[in-house]
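These are the residues of each chain, in order.
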Amino acid sequence: MAVSRQNTRPVRGLAILLLGGVALCWQFSFSLGDAFAVLSPRQRSRQAAAESIFIASSPQAFAGRGSPVPPQSGAGPTSSARTTDAVSLALVAAGCAVAMRAAESAASEPAKEKSFMDKFGVPVYIGLWYIFNIGYNIYNKKALISYPYPWACALWQMAFGWLIFVPLWLLKIRKTPKVSVAQAVKLAPAALGHLATHVGAVVAFFAGAVSFGHIVKASEPVVSSMLNFLFLGEVMPWQVYASLLPIIGGVGLASASELSFNWLCFGAAMGSNLGSASRAVYSKKVMKGDIGENMDSANVYAVLTIMATFMLIPISLFIEGPSAMVKGFNAARAAGGMTFMWQMILSGFYYYMYNEVAFLALGKLDPVSHAVCNTMKRVVIIITAIFVFRSPVTPLGIAGSSIAIGGTLIYSLAKNKFSK
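Residues numbered from 1 in each chain as written. Predicted model: local features only at pLDDT ≥ 70, side-chain atom pairs only at ≥ 80, totals over all residues. Heavy atoms only, no water.

## Topic: the overall build of the protein
Now for step 1: Counting its regular elements, the protein contains 18 helices and 0 strands.
Now for step 2: In the form shown here, the protein has an accessible surface area of approximately 19,100 Å², with 69% of it arising from carbon and sulfur atoms. (Helix = DSSP H or I, 4+ residues; strand = E, 2+ residues; numbered from the N terminus. Areas by Shrake-Rupley, 256 points an atom, 1.4 Å probe, with all protein chains shown as cover.)

Quick look at the structure:
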């Protein structure tokens, strides 16, 4: 009976996730009213910079499917694990240094001579964006294999960001945001979309393989186009809609040939797409006004993280249960020791840092460069995870993946060219 309850946890969680996305869309339909007017091309271009605050460039990364490894009693971490952890610690230190350096540069007055970050900031941010994404993919999947409680892992990763941005505020390295109750209410739907985006991805990668999860996530432009039409009345040129066909065809081909296909992975990834697209749609029309003081892109993301954490606490406790979470955590710690603890710590650190660096990179890239970098990031993550977790892929799966990912690049380029 206990096994049956455990097997139904992800299904119940997926149902709540999808209901949350539907509720968010329902709120758009009945509470925004005339605010969703059709934008002119000139108005749309003026809002492009503001939208980058809330659209995190497919922020959810994915990890390959793996099978839990039976714990070896009395065995400590292997030399390979120690080497991996040493490299991870070095990346953590480098990431913290770059993040604090970026915060100090933003707070200080511009120098007369260009600094190192002024000259090489773009490649540094892109490199860290890739590194943190890969690190999150690997350690998120390892943590889920050791501790098969996706809602608890998602809650931990969401809350870990507090350990990064709160010290920055207390030490005056970053300006502290000031948000009123009315402004917090205005931000709440965006926080709900942020929650759905992250939890949907974690559940999907708990249930499925990296190749399949990434391909389903690549269909986010299809969901975004539908929501933009339904709630904003936005009609794009036919060339943009035509560019969606390779995405749909690639996802279908990859799904048909996926060896480990399951509906939980597919549904959770689509729920993540719905959350991300809903957050973007909401930000276009409702989030353009006053949302508080010192609310730059980094602080907006931090405030959304705080609100999403409070929303996620009761939901995760209801779905997986506090006693089951604690019991599973103790068992995983007893089996994995410090190796498991580092998997949890690094998954939380990499999750927040890759989103933080993604915002910094977005602010320095034009739309075409961002589309290319985001597409290559997805390819790098897929290849890395396949090698790390030995995920089986078929020739048709590779073809479908290539078509869908290539379609996302074509869509981004077509939207940038024909929607002006």
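That was the structure; now back to the text.
## Focus: the packing of aromatic side chains
Now for step 1: For the structure shown, the criterion picks out 18 aromatic pairs.
Now for step 2: Centre to centre, the rings of Tyr351 and Tyr354 are 6.0 Å apart; their planes meet at 80 degrees, and the pair counts as edge-to-face. Residue Tyr351 and its partner Tyr354 are both found in helix H16 (residues 338-362); the two are separated by 3 residues, about one turn of the helix.
Now for step 3: Relative accessible area serves as the criterion here: at 1%, Tyr351 is assigned to the buried category. (Phe/Tyr/Trp six-rings, centres within 6.5 Å; stacked < 30°, edge-to-face > 60°. Buried < 20%, exposed > 50% of the residue type's maximum accessible area, 1.4 Å probe, protein only.)

## A look at the nonpolar core
Now for step 1: By size, the foremost hydrophobic cluster in this structure holds 63 residues, and its most contacted members are Phe132 and Tyr147.
Now for step 2: Broken down by element, this core gets its largest block of residues, 13 residues, from H16. (Core = buried A, V, L, I, M, F, W, Y, C linked by side-chain atoms within 4.5 Å.)

## Some remarks on unusual backbone geometry
Now for step 1: In this structure, Lys172 is a non-glycine residue whose phi angle is positive, near 65 degrees.
Now for step 2: By the secondary structure assignment, Lys172 is in the loop between helix H7 (162-170) and helix H8 (181-207).
Now for step 3: We classify Lys172 as exposed; its relative accessible area is 69%.
Now for step 4: For Asn294, which is not glycine, the phi torsion reads 60 degrees and is therefore positive.

## Brief notes about the confidence of the model for the protein
Now for step 1: Here the protein shows a mean pLDDT of 75. Residues at 70 or above account for 68%.
Now for step 2: Averaged pLDDT values over the elements of the protein bottom out at 43 in helix H3 (residues 48-51) and peak at 95 in helix H6 (residues 150-160).
Now for step 3: Per-residue pLDDT stays below 50 along residues 1-5; that stretch engages in 1 contact with residues further than four places along the chain or on separate chains.
Now for step 4: Across residues 28-77, where pLDDT falls below 50, the model places 114 contacts with residues more than four positions away in sequence or in other chains. (pLDDT = per-residue confidence, 0-100. Contact = heavy atoms within 4.5 Å.)

## With respect to the environment of Ile381
Now for step 1: Take Ile381: it is sitting in helix H17 (residues 367-389).
Now for step 2: The spacing of Ile381 and Tyr136 is 245 residues in sequence and 9.9 Å in space, taken between C-alpha atoms.

## Looking at the packing of helix H12 (residues 244-257) against helix H18 (residues 395-418)
Now for step 1: At their nearest, the axes of H12 and H18 sit 7 Å apart, and the two run at 160 degrees to each other. Relative to H18, the element H12 is oriented roughly antiparallel. At the point where H12 passes H18, the crossing takes the left-handed sense. Touching Leu244, Pro246, Ile247, Gly250, Val251, Leu253, Ala254 and Ser257 of H12 are Leu396, Gly397, Ala399, Gly400, Ser401, Ile403, Ala404, Gly407, Thr408 and Tyr411, all from H18.
Now for step 2: Looking at the contact of H12 with H18 residue by residue, the class counts come to 11 nonpolar, 7 polar and no charged. (Axes fitted to C-alpha atoms, helices over the stretch in contact; angles between N-to-C directions. Parallel < 35°, antiparallel > 145°, perpendicular 65-115°, else oblique. Left-handed = near helix turned anticlockwise from the far one by under 90°. Nonpolar A, V, L, I, M, F, W, Y, C, P; charged D, E, K, R; others polar.)

## Focus on H6
Now for step 1: Within H6, 9 of the 11 residues are buried, which leaves the element mostly enclosed by the surrounding structure.
Now for step 2: Along H6, the positions that sit buried rather than exposed are Pro150, Trp151, Ala152, Cys153, Ala154, Leu155, Gln157, Met158 and Phe160.

## Considering the pattern of salt bridges
Now for step 1: Taken as a whole and assessed by the stated rule, the structure comprises 2 salt bridges.
Now for step 2: Note that Glu356 is salt-bridged to Arg174, the shortest N-O span being 2.4 Å. Of this pair, Glu356 sits in helix H16 while Arg174 is found in the loop between H7 and H8, placing the two residues 182 residues apart along the sequence. (Salt bridge = Lys/Arg side-chain N within 4 Å of Asp/Glu carboxyl O.)

## Topic: H7
Now for step 1: When H7 is considered as a whole, its buried residues turn out to be Ile164, Phe165, Leu168 and Trp169. Projected down its long axis, H7 shows its buried positions confined to an angular sector of 120 degrees, all on one face. Along H7, exposed side chains directed more than 90 degrees from the buried face belong to Leu163 and Leu170.
Now for step 2: Positive phi shows up at Lys172, right after H7, with a value of about 65 degrees. (Arc of directions from axis to C-beta.)

## Focus: the side chain of Lys217
Now for step 1: Its place among the elements puts Lys217 in helix H9 (residues 210-217).
Now for step 2: Of the polar contacts made by the side chain of Lys217, one reaches the side chain of Ser272; its length is 2.9 Å. (Polar contact = N/O pair within 3.5 Å; in protein donor to acceptor, adjacent residues only side chain to side chain.)

## Some details on the environment of Arg279
Now for step 1: With respect to the helices and strands, Arg279 occurs in helix H13 (residues 263-285).
Now for step 2: When the C-alpha atoms of Arg279 and Ser224 are compared, they prove to be 9.8 Å apart, with 55 residues separating the residues in sequence.

## Topic: the packing of helix H10 (residues 220-232) against H12
Now for step 1: At a closest axis distance of 9 Å, the pairing of H10 and H12 adopts a crossing angle of 130 degrees. In this view, H10 runs oblique relative to H12, as classed from their interaxial angle. For the pair H10 and H12, the crossing hand works out as left-handed. From H10, Pro221, Val222 and Ser225 reach across to H12, where they touch Leu244, Ile247 and Ile248.

## Let's talk about the environment of Val281
Now for step 1: Along the polypeptide, Val281 turns up in helix H13.
Now for step 2: On the accessibility criterion, Val281 (1% relative accessible area) is buried.

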